Amino acid sequence: MKIIRSPAAMTGWSERLRREGVTIGFVPTMGALHEGHRSLIREARLQCDALVVSIFVNPTQFGPREDLTKYPRPISHDRAICRQEGVDVCFEPTVETMYPTGFQTTVTVPAVARRWEGEARPHHFAGVATVVTKLFGMVRPHRALFGQKDFQQSVLVQQLVKDLNLGVDIAVRPTVREQDGLAMSSRNVYLSQDERGRAVVLYKGLQAGAKVIRTGETDARIIQSAMAQVILQESTITTDYLAVCDPRTLEPVSSVTSRVVLLGAVRVGSVRLIDNLLVNTPRRAS
Ligand code: AMP
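Structure report, in brief. (Residues numbered from 1 in each chain as written. Predicted model: local features only at pLDDT ≥ 70, side-chain atom pairs only at ≥ 80, totals over all residues. Heavy atoms only, no water.)

Attention now goes to the sheet that holds strand E8 (residues 260-268). Pairing within the open sheet is antiparallel, and its three strands lie in the order E7-E8-E9. The open sheet has two edge strands, strand E7 (237-245) and strand E9 (271-279), and neither has a second partner. Averaged over neighbouring strand pairs, the angle between their axes works out to 15 degrees when direction is ignored. Relative to E9, E8 is paired through nine bridges, and the arrangement is antiparallel. Directly across from valine 266, in E9, lies its bridge partner leucine 273. (Pairing = 2+ DSSP bridges. Helix = DSSP H or I, 4+ residues; strand = E, 2+ residues; numbered from the N terminus. Axes fitted to C-alpha atoms, helices over the stretch in contact; angles between N-to-C directions.)

Take a look at the structure:
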């Protein structure tokens, strides 16, 4: 496996392979790789001839009071996972090469970024949209894989690629969960043992919402309250938002008439967790 740090070397490697007709797959990450990342890497390995994984903790997507400095950076462990999974290039750009002196462009996707994570983390999605655009420019992949775990991010990336004609095929893969259902996340390491045990309540809340939809409930307020009731059982966990949304626009719906996404964010101690479930409406007898 090649480790490339310079953007120019990365682009050179990709351009050579593209000229030979090789299909390049790409999995962008911030490292601290876990089974969720691994599933994206495995799928990309199956779908593409050559595979690039980037590891870059992007400072511009962190807020001033967020965890940028303490974000886990176990680079040897990450490279070992990439090697195990047959990754061809581990691309590890530095902050200085990503944002050299004089850098000034920002990419924004205003409507998709407006609510939910965008509201809780005001500059987050501009940081994500800008770094993804830059990484696509550097890596020049044919296909890039993202996790459903970050649902709003996956919608944003699809919109960005369409609007800017970036010519990258985007695939979104299901959320990988721990045995009890907690969505895997690099931030789960911040949870104490006790918090870890209670954190699963977010997933349980979303499941409760999905269950009432499957029984035929269409009123979003009732669905939302079913989710909230489950989360309220853990008095130490505070809810940031619980929403019933259109999965394409991320706008909240008042009545469930077709597929919806249930979005949730909670705080467990000082750790903020997000999760989501896509739910189909039950078939009605005609
Ligand atoms: P991150 O390193 O957190 O920026 O995530 C890199 C990619 O992995 C993103 O596309 C995430 O959505 C995806 N990802 C993170 N956690 C999971 C998970 N539990 N299951 C599937 N994909 C995930």
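Time to look at the pattern of salt bridges. Scanning all chains against the criterion turns up 20 salt bridges. For arginine 38, the salt bridge identified is with glutamate 35, shortest N-O distance 3.1 Å. Taken together, the residues arginine 38 and glutamate 35, both in helix H2 (residues 35-47) and three residues apart, mark about one turn of the helix. Linking arginine 198 and aspartate 194 is a salt bridge whose minimum nitrogen-to-oxygen distance equals 2.5 Å. With a gap of four residues between them, arginine 198 and aspartate 194 both fall in helix H9 (residues 193-199), about one helical turn apart. Residue arginine 198 is classed as buried on the basis of its relative accessible area, which comes to 17%. For aspartate 194, a relative accessible area of 49% corresponds to the partly exposed category. Linked by salt bridges that have partners in common, Glu35, Arg38, Arg42 and Glu85 make up one network. (Salt bridge = Lys/Arg side-chain N within 4 Å of Asp/Glu carboxyl O. Buried < 20%, exposed > 50% of the residue type's maximum accessible area, 1.4 Å probe, protein only.)

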